[in-house]
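These are the residues of each chain, in order.
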Amino acid sequence: MLRPFKRRDIEALYTAVRDSQAELAEYLPWATKTFTRSGAAGFVRESMRSWREGKAYDFSIRLLERPERHVGNISIWHVSRSSRSGEIGYWIRTEDTGRGIATEATRAALRIGFEDLSMHRMVLRVAVGNKASERVATKLGFVREGVLREEIQVGGRWMDHSVWGLLDHEYRRLIRTGRGPDDRDYSGPGGR
(Lines give C-alpha, C1' and ligand atoms only; values in the text may rest on other atoms or scores of the structure.)
Protein backbone atom coordinates (compact mmCIF):
# COMPACT_ATOMS: atom_id res chain seq x y z
CA MET A 1 0.00 0.00 0.00
CA LEU A 2 1.30 3.45 -0.88
CA ARG A 3 -0.03 6.50 0.90
CA PRO A 4 1.05 10.09 1.45
CA PHE A 5 2.88 10.81 4.70
CA LYS A 6 0.98 12.09 7.72
CA ARG A 7 2.34 13.64 10.90
CA ARG A 8 1.65 10.44 12.78
CA ASP A 9 4.21 8.66 10.54
CA ILE A 10 7.23 10.43 12.03
CA GLU A 11 8.11 7.78 14.62
CA ALA A 12 7.57 4.85 12.22
CA LEU A 13 9.74 6.57 9.58
CA TYR A 14 12.46 7.31 12.11
CA THR A 15 12.45 3.69 13.36
CA ALA A 16 12.61 2.24 9.85
CA VAL A 17 15.55 4.47 8.89
CA ARG A 18 17.36 3.76 12.16
CA ASP A 19 16.86 -0.01 11.74
CA SER A 20 18.21 0.12 8.16
CA GLN A 21 20.80 2.88 8.55
CA ALA A 22 23.88 0.76 7.87
CA GLU A 23 22.55 -0.52 4.56
CA LEU A 24 20.93 2.78 3.48
CA ALA A 25 24.13 4.71 4.23
CA GLU A 26 25.90 2.73 1.52
CA TYR A 27 23.88 4.50 -1.21
CA LEU A 28 22.01 7.48 0.29
CA PRO A 29 23.75 10.65 1.54
CA TRP A 30 21.03 11.53 4.08
CA ALA A 31 21.02 8.11 5.80
CA THR A 32 23.71 8.85 8.35
CA LYS A 33 23.95 7.94 12.02
CA THR A 34 22.90 11.52 12.71
CA PHE A 35 19.40 11.01 11.20
CA THR A 36 17.06 12.00 14.05
CA ARG A 37 13.38 12.13 14.92
CA SER A 38 13.60 15.82 14.15
CA GLY A 39 15.01 14.92 10.69
CA ALA A 40 12.09 12.53 10.16
CA ALA A 41 9.66 15.28 11.24
CA GLY A 42 11.29 17.72 8.81
CA PHE A 43 10.98 15.20 5.98
CA VAL A 44 7.26 14.63 6.72
CA ARG A 45 6.59 18.41 6.88
CA GLU A 46 8.44 18.97 3.58
CA SER A 47 6.64 16.03 2.00
CA MET A 48 3.22 17.37 2.96
CA ARG A 49 4.15 20.82 1.62
CA SER A 50 5.47 19.34 -1.65
CA TRP A 51 2.18 17.49 -2.15
CA ARG A 52 0.18 20.69 -1.61
CA GLU A 53 2.39 22.56 -4.07
CA GLY A 54 2.44 19.72 -6.62
CA LYS A 55 6.27 19.58 -6.58
CA ALA A 56 6.80 15.98 -5.45
CA TYR A 57 4.79 13.04 -4.23
CA ASP A 58 6.34 11.05 -1.38
CA PHE A 59 4.65 7.85 -0.31
CA SER A 60 5.00 5.71 2.76
CA ILE A 61 5.16 2.05 1.72
CA ARG A 62 3.08 -0.18 4.01
CA LEU A 63 2.09 -3.85 3.89
CA LEU A 64 -1.64 -4.49 3.63
CA GLU A 65 -1.43 -7.05 6.44
CA ARG A 66 0.55 -4.64 8.70
CA PRO A 67 -0.46 -1.10 7.72
CA GLU A 68 1.02 0.43 10.88
CA ARG A 69 4.56 -0.68 9.92
CA HIS A 70 6.69 1.56 7.67
CA VAL A 71 8.66 -0.56 5.17
CA GLY A 72 10.11 2.21 3.02
CA ASN A 73 9.57 5.35 0.97
CA ILE A 74 8.96 5.93 -2.71
CA SER A 75 8.82 9.36 -4.31
CA ILE A 76 7.92 10.82 -7.69
CA TRP A 77 8.98 14.29 -8.73
CA HIS A 78 9.02 16.43 -11.84
CA VAL A 79 12.40 16.77 -13.51
CA SER A 80 10.88 18.97 -16.23
CA ARG A 81 7.22 19.91 -16.40
CA SER A 82 7.53 21.24 -19.96
CA SER A 83 9.08 17.96 -21.15
CA ARG A 84 6.74 15.92 -18.91
CA SER A 85 9.73 14.15 -17.40
CA GLY A 86 9.84 12.71 -13.89
CA GLU A 87 11.98 10.65 -11.60
CA ILE A 88 11.28 7.92 -9.06
CA GLY A 89 13.39 7.26 -5.98
CA TYR A 90 12.85 4.68 -3.25
CA TRP A 91 14.33 2.75 -0.35
CA ILE A 92 13.15 -0.36 1.46
CA ARG A 93 13.68 -1.30 5.10
CA THR A 94 16.54 -3.82 5.31
CA GLU A 95 14.55 -6.69 6.79
CA ASP A 96 11.95 -6.35 4.00
CA THR A 97 14.33 -6.38 1.02
CA GLY A 98 14.30 -9.29 -1.41
CA ARG A 99 10.51 -9.70 -1.24
CA GLY A 100 9.54 -7.74 -4.37
CA ILE A 101 8.29 -4.71 -2.43
CA ALA A 102 10.49 -2.25 -4.34
CA THR A 103 9.32 -3.67 -7.66
CA GLU A 104 5.66 -3.53 -6.66
CA ALA A 105 5.96 0.01 -5.27
CA THR A 106 7.83 1.22 -8.36
CA ARG A 107 5.19 -0.38 -10.59
CA ALA A 108 2.53 1.62 -8.73
CA ALA A 109 4.66 4.78 -8.96
CA LEU A 110 4.90 4.30 -12.73
CA ARG A 111 1.13 4.13 -12.93
CA ILE A 112 0.88 7.38 -10.97
CA GLY A 113 3.54 9.06 -13.10
CA PHE A 114 2.21 8.02 -16.48
CA GLU A 115 -1.53 7.92 -15.81
CA ASP A 116 -2.21 10.51 -13.10
CA LEU A 117 0.61 12.97 -13.82
CA SER A 118 0.71 12.45 -17.63
CA MET A 119 4.47 11.99 -17.73
CA HIS A 120 6.15 11.24 -21.05
CA ARG A 121 9.33 9.87 -19.46
CA MET A 122 10.18 8.38 -16.07
CA VAL A 123 13.74 7.89 -14.80
CA LEU A 124 15.45 5.83 -12.13
CA ARG A 125 19.00 6.70 -11.06
CA VAL A 126 20.72 3.67 -9.55
CA ALA A 127 24.05 3.70 -7.72
CA VAL A 128 26.50 1.63 -9.73
CA GLY A 129 26.84 -1.65 -7.86
CA ASN A 130 23.31 -1.63 -6.44
CA LYS A 131 22.30 -4.91 -8.08
CA ALA A 132 18.92 -5.09 -6.33
CA SER A 133 17.79 -1.74 -7.78
CA GLU A 134 19.16 -2.68 -11.21
CA ARG A 135 16.93 -5.80 -11.06
CA VAL A 136 13.91 -3.61 -10.25
CA ALA A 137 14.63 -1.42 -13.29
CA THR A 138 15.11 -4.44 -15.56
CA LYS A 139 11.97 -6.24 -14.34
CA LEU A 140 9.86 -3.15 -15.04
CA GLY A 141 11.16 -2.62 -18.57
CA PHE A 142 13.44 0.38 -18.00
CA VAL A 143 16.28 0.87 -20.50
CA ARG A 144 19.77 1.56 -19.14
CA GLU A 145 20.78 4.80 -20.85
CA GLY A 146 24.17 5.63 -19.41
CA VAL A 147 26.23 6.49 -16.36
CA LEU A 148 26.52 9.78 -14.50
CA ARG A 149 30.08 9.79 -13.21
CA GLU A 150 30.74 10.83 -9.62
CA GLU A 151 27.24 12.23 -9.36
CA ILE A 152 26.65 12.10 -5.60
CA GLN A 153 28.94 12.07 -2.62
CA VAL A 154 27.97 9.47 -0.02
CA GLY A 155 30.00 8.98 3.13
CA GLY A 156 32.97 10.88 1.77
CA ARG A 157 33.18 9.01 -1.55
CA TRP A 158 31.88 10.01 -4.96
CA MET A 159 29.43 7.54 -6.52
CA ASP A 160 28.53 6.90 -10.13
CA HIS A 161 24.85 6.34 -11.00
CA SER A 162 23.38 4.53 -13.95
CA VAL A 163 20.37 6.21 -15.55
CA TRP A 164 17.39 4.06 -16.49
CA GLY A 165 14.50 5.48 -18.55
CA LEU A 166 11.00 4.37 -19.50
CA LEU A 167 8.85 6.25 -22.02
CA ASP A 168 5.06 6.48 -21.99
CA HIS A 169 4.63 4.38 -25.16
CA GLU A 170 6.94 1.70 -23.68
CA TYR A 171 4.86 1.75 -20.50
CA ARG A 172 1.63 1.31 -22.49
CA ARG A 173 3.19 -1.63 -24.36
CA LEU A 174 4.13 -3.23 -21.02
CA ILE A 175 0.53 -2.83 -19.86
CA ARG A 176 -0.75 -4.57 -23.01
CA THR A 177 1.69 -7.46 -22.53
CA GLY A 178 0.79 -7.91 -18.86
CA ARG A 179 4.02 -6.53 -17.34
CA GLY A 180 2.50 -3.24 -16.25
CA PRO A 181 0.94 -2.13 -12.97
CA ASP A 182 -1.69 -4.22 -11.30
CA ASP A 183 -4.56 -3.02 -9.12
CA ARG A 184 -2.68 -2.79 -5.81
CA ASP A 185 -3.83 -0.20 -3.33
CA TYR A 186 -2.34 3.30 -3.52
CA SER A 187 -3.43 6.88 -3.14
CA GLY A 188 -2.16 8.86 -6.10
CA PRO A 189 -2.30 12.59 -6.72
CA GLY A 190 -5.59 12.04 -8.55
CA GLY A 191 -7.15 10.75 -5.32
CA ARG A 192 -7.73 7.18 -6.37
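This write-up is about the structure you can find in this document. Here the structure is a predicted model, which is why all the values come from computation and not from measurement.

Conventions and cut-offs
- Just so you know, the residues in each chain are numbered from 1, in the order the chain's sequence is written.
- Given that this is a predicted model, residues contribute local features only at a pLDDT of at least 70 and side-chain atom pairs are listed and counted only at 80 or more, while totals for whole chains, interfaces and linings are drawn from all residues.
- Side-chain metrics in this entry use all non-hydrogen atoms of the structure; hydrogen atoms and water are not considered.
- Each helix is a run of DSSP H or I of at least 4 residues and each strand a run of E of at least 2, with the numbering of both proceeding from the N terminus.
- Atoms counted for the radius of gyration: C-alpha only. Globule rule: 2.2 Å times the number of residues to the power 0.38.
- Contact definition: two residues touch when any of their heavy atoms are within 4.5 Å.
- For the area figures, the Shrake-Rupley method with a 1.4 Å probe applies, and any residue is considered shielded solely by the protein chains shown.
- Definition used in this section: a nonpolar core is a set of buried Ala, Val, Leu, Ile, Met, Phe, Trp, Tyr and Cys residues joined via side-chain atoms within 4.5 Å.
- Relative accessibility decides the category of a residue: with a 1.4 Å probe and only protein chains considered, values under 20% of the type maximum give buried, values over 50% give exposed, and everything between is partly exposed.
- Both site types are read off a 1 Å grid over the protein atoms alone. A 1.4 Å probe that fits but cannot get out defines a cavity, while an open set with protein on both sides within 12 Å along at least five of seven lines defines a pocket; lining residues have an atom within 4 Å of a point.
- Grid points are joined across faces, edges and corners, and a volume is the space filled by probe spheres set on the points.
- Here a Phe, Tyr or Trp ring, Trp counted by its six-membered ring, pairs with any other such ring whose centre lies within 6.5 Å, and the pair is stacked when the planes are under 30 degrees apart, edge-to-face when over 60, and tilted otherwise.
- To estimate the expected span of a helix, subtract one from its residue number and multiply by 1.5 Å.
- Two axes define the bend at a residue: one fitted to the seven residues ending there, one fitted to the seven starting there, and the bend is the angle between them.
- In this analysis an axis means a line fitted to C-alpha atoms, helices contributing only their contacting stretch, and an angle means the value between N-to-C directions, from 0 to 180 degrees.
- Angle categories are assigned with fixed cut-offs, so that under 35 degrees is roughly parallel, over 145 is roughly antiparallel, 65 to 115 is roughly perpendicular, and the rest are oblique.
- Crossings are classed by handedness, with left-handed meaning an anticlockwise turn of the near helix from the far one by less than a right angle and right-handed meaning a clockwise turn.
- For this scheme, ten residues count as nonpolar: Ala, Val, Leu, Ile, Met, Phe, Trp, Tyr, Cys and Pro. Four count as charged, namely Asp, Glu, Lys and Arg, and the remainder, Gly too, count as polar.

**Notes on the overall build of the protein**
Step number 1: Across its full length, the protein carries five helices and seven strands.
Step number 2: Whereas a compact globule of 192 residues would reach a radius of gyration of roughly 16 Å, the protein reaches 16 Å, a difference of no more than 12%.
Step number 3: Overall size of the protein, expressed as C-alpha extent along the three principal axes, is 45 × 40 × 35 Å.
Step number 4: Across the protein, the fraction of contacts at a sequence separation of at least 24, relative to all contacts at a separation of at least 6, is 62%.
Step number 5: Accessible surface computed for the protein: about 9,900 Å², of which carbon and sulfur atoms make up 49%.

**Section: the nonpolar core**
Step number 1: Ranked by internal contacts, the top residues of the largest apolar core, which has 33 residues, are Ile 74 and Leu 110.
Step number 2: Going through the elements one at a time, β2 (56-63), β3 (66-80), β4 (85-92), α3 (101-116), β5 (121-127), α4 (131-139), β7 (157-167) and α5 (168-176) are the ones with two or more residues in this core.
Step number 3: Looking at this core element by element, the count peaks at eight residues for α3.
Step number 4: Beyond its immediate chain neighbours, meaning those up to four positions away, Leu 110 contacts Ile 88, Glu 115, Met 122, Leu 140, Phe 142, Leu 166 and Tyr 171.

**Overview of the layout of surface pockets**
By rolling a water-sized probe across the atoms, one finds the places where empty space is left.
Step number 1: Counted as a void, the largest pocket has a volume near 1,100 Å³.
Step number 2: Looking at the largest pocket, it is lined by 43 residues, and the ones nearest its centre are Leu 28, Tyr 90, Trp 91, Asn 130 and Ser 133.

**Brief notes about the packing of aromatic side chains**
Step number 1: Considering all chains together, one arrives at six aromatic pairs under this definition.
Step number 2: Relative to Phe 35, the ring of Trp 30 has its centre 5.6 Å away and its plane inclined at 55°; by these criteria the two rings are tilted.
Step number 3: Take Trp 30: its relative accessible area is 35%, and that puts it in the partly exposed class.
Step number 4: Classification of Phe 35 by relative accessible area gives buried; the value is 17%.
Step number 5: Arranged with centres 5.3 Å apart and planes meeting at 85°, the rings of Trp 51 and Phe 59 form a pair that is edge-to-face.
Step number 6: Its relative accessible area of 0% is what places Phe 59 among the buried residues.
Step number 7: In this structure an aromatic cluster arises from ring pairing among Trp 30, Phe 35 and Trp 91.

**As for helix α1 (residues 10-24)**
Step number 1: In this model, α1 (15 residues) spans only 18 Å end to end at C-alpha, well below the 21 Å of a helix rising 1.5 Å per residue.
Step number 2: Its maximal kink placed at Arg 18, α1 deviates by approximately 40°.
Step number 3: Every buried residue of α1 is listed here: Ala 12, Leu 13, Tyr 14, Thr 15, Ala 16, Val 17, Ser 20, Gln 21 and Leu 24.
Step number 4: Buried residues along α1 sit against α2 (37-53), β2, β3 and β4.

**Thoughts on the packing of α1 against α2**
Step number 1: Packing of α1 against α2 brings their axes to within 9 Å, and their N-to-C directions diverge by 120°. Between α1 and α2, the angle is such that the two are oblique. Pair α1 / α2 crosses with right-handed handedness. From α1, Ile 10, Glu 11, Leu 13 and Tyr 14 reach across to α2, where they touch Arg 37, Ala 40, Ala 41, Phe 43 and Val 44.
Step number 2: Residue composition of the contact of α1 with α2, by class: seven nonpolar, no polar and two charged.

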